[in-house]
Amino acid sequence: MRYFPLGIAGHVDHGKTFLVKTLTSIDTDRLPEEKKRGMSIDIGFAFLDFPSKNLRVEIIDLPGHERFIKNAICGLAPVWGLLLVVDAGEGVMPQTVEHIRLAKSFGIQEVILALTKADRVDLDTLDLAREEAFQMLSSESVDAFGVFPVSALKGEGLEDLRTGIGEYASKHLRDRDKHLFRFFVDSAFSVKGYGTVVRGSCVSGSVSEGDTITLEPIGKPCKVRKMQNHGVFVKEGRAGERLALNIPDLDPKEVERGYFLVRGIKPSNRLIVRVEGQMPKGVAYLFLGMREVSFLHKHIHEDLYLLRLSEPVPAVRGDRGPLLNSSGRHLGSYQVLHPLPVRSSKRFIRENLSLLLENPEEYLLLERGVRGLSLGELFSFYGFAVQPPKDLRVGERFYHPEILKSISEKLKTLLSMKGGSIPLSEVLSKLRVSQDILGLILEKSVDLKVVEGYLLDTKRAKLEDLEGYIMLMGLLSEGIREEKDLQAYKEYISLAVRRGQVYSLGDYLYVSRQMFEDYVKKLRTLGKEFTLQQAKEALGLTRKYLIPLLEHMDRLGITKREGERRVFLR
């Protein structure tokens, strides 16, 4: 089954709750005070099924009185659409407009319109109410999916409205099943025999019995034992669905309205947002989901701001919501551009603003710098799994090429200052990089090498100070050696060869430069030319070592082979 959360909004006494009861047979006024006063104080819940569409519309009834505006915001936070209720006799009222503006702040751009108590007015008054509602919606840049005159008392127009709700929900369904799990909590209580039950709305992803999830903003892991949808046990909960989750790990006192249950979404107490309307001055408030959080802001550029929140929230890119001043007045709305900023420099954000807007993954790579970007952070940023960036990857982290280039340049400067040799631990500390990053840089450099706990620039470093190098040269000073006999010093051989202090004779044979020069000096005593047999007698080498040595002399242009003899060229 698919699920669509629908808010029911409008001015107080315009008949929202009675309309919901008539449509669903569920009275959403559940509190004694609501019964006594005859008006909604808190959000209420019902549902409407459309079997032919395999669809359940999860209804959230919003209180209409201005004193309960924050409860109305909580009801709007998880919904994907809105049924706006207008009394046909009274027409558009202040809270009608306020609810539309709040719905817009959550990204709702099209609503379905119900003109209630239509049996109490004549056709002219009904037409006037319809026109007034259309004008109001138009002035707020909100579209009307359709208008439905109804009388809940007499049952008139209800079937058309029910059909309209089904079509509206089908049009505005959101594909959130494959997103990361996020759940807006509206209440928690204890049930005998089960323990704590947390009730709320699954706004993205899915949850199953036995899943481990996290309660934010307190960061507490917890396990789902059982779950219900409107009193019926289910094995899995999906995006758009109202759920009651049995979580024995929690104490109801730990849970507040507006808390979140999440999996894979990281909380942050900083957000980069785009603001529409007026940014409140001083300490202000936003709603992320059902959670009201105070914040201070720093203006970045035009309508962009960096917010510092009083507590962390698990936001994702694209999240929307209202902004309120310290008096609770709704002044504007925000849209999250970056839910996990690690750099708060106005200069950095401004210089890379086009990336943040158009290529956020590159922005993230630049922003993360030497620490890199993990897949978890990338998925949390969007709220769903995406293809990882094509930039360099080391283990589970990604790095921007410019960052690696910058590290490489700093490394060369550091080595230059230290004479080409520096302890590896000092490199990692001063550059603040991991060994994985350093390893990636070394792979791309022929001159840099880690030996005996030191990072060396092989063109500059004093190899003579290395114990292993000293031992290698000691062995090679005794004569030509095979590679298999030098395995313990393998990392030093390439260094010595590049420095020209050891010669590779081919056939996995090596000789020190000093020993090679001694061999050449002895051969010169034979005159301007010599035979293979003369060389063998002079040097005391077998053919296995002698022939590679003589061929290397030929390659260096010291000698030239002419038939059975070799002639010195220089």
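Check the entry above for the structure.
Remember, predicted model here, so these are calculated numbers, not experimental data. (Residues numbered from 1 in each chain as written. Predicted model: local features only at pLDDT ≥ 70, side-chain atom pairs only at ≥ 80, totals over all residues. Heavy atoms only, no water.)

> Go over the overall build of the protein, please, and point to the residues and values.
The secondary structure content of the protein amounts to 18 helices and 34 strands. What you see for the protein is a C-alpha radius of gyration of 38 Å, clearly larger than the 25 Å of a compact globule of 570 residues, by over 25%. Put simply, the protein has 570 residues, and 52% of those count as buried. A fraction of 66% describes how many contacts in the protein between residues 6 or more apart in sequence connect residues 24 or more apart. (Helix = DSSP H or I, 4+ residues; strand = E, 2+ residues; numbered from the N terminus. Rg over C-alpha atoms; globule rule 2.2 N^0.38 Å. Buried < 20%, exposed > 50% of the residue type's maximum accessible area, 1.4 Å probe, protein only. Contact = heavy atoms within 4.5 Å.)

> Explain the state of the cysteines to me, using residue names and the numbers behind them.
In this structure the tally under the stated criterion is zero disulfides. Here Cys222 is not disulfide-linked; the sulfur of Cys202 is the nearest cysteine sulfur, at 14 Å. (Disulfide = S-S within 2.5 Å.)

> So what about the sheet that holds strand β25 (residues 397-399)? Which residues, and what values?
Judged by pairing direction, the sheet is antiparallel, and its three strands sit side by side in the order β23-β25-β24 without closing on themselves. The outermost strands of the open sheet, each flanked by one partner alone, are β23 (373-374) and β24 (392-394). Here β23 runs beside β25; their pairing, made up of two bridges, is antiparallel. Looking at β25, one finds that Ser374 is bridged to Arg397. (Pairing = 2+ DSSP bridges.)

> Describe helix α1 (residues 16-24), naming the residues involved and giving the relevant values.
By the burial criterion, the buried members of α1 are Lys16, Thr17, Leu19, Val20, Leu23 and Thr24. Along the axis of α1, the buried residues cluster in a sector spanning 160°; they form a single face. Lining the buried residues of α1 we find β1 (2-10), β2 (44-50), β3 (55-61), β4 (81-87), β5 (110-116) and α6 (158-172). Ser25 lies just past α1 and shows a positive phi near 65°. (Arc of directions from axis to C-beta.)

> Please give an account of the packing of aromatic side chains that cites residues and values.
What the rule picks out here adds up to eleven aromatic pairs. Where Phe145 meets Tyr168, the ring centres are 5.4 Å apart and the plane angle is 65°; that geometry is what we call edge-to-face. Separated by 23 residues along the polypeptide, Phe145 in strand β6 (residues 143-149) and Tyr168 in helix α6 bring together distant segments of the chain. The class for Phe145 is partly exposed, based on a relative accessible area of 25%. The buried category is assigned to Tyr168, whose relative accessible area is 1%. With 5.6 Å between their ring centres and 55° between their planes, Phe530 and Phe568 make a pair best called tilted. Highlighted residues: Phe530 in strand β32 (residues 529-531) and Phe568 in strand β34 (residues 565-568), separated in sequence by 38 residues. Take Phe530 and Phe568: they sit in the same class, and that class is buried. Ring-pair connections join several aromatic residues into one group, and the members of that group are Phe4, Trp80, Phe145 and Tyr168. Sitting above the plane of the Phe348 ring, Arg343 keeps its charged end 4.0 Å from the centroid. (Phe/Tyr/Trp six-rings, centres within 6.5 Å; stacked < 30°, edge-to-face > 60°. Lys NZ or Arg CZ within 6 Å of the ring centre and 35° of its normal.)

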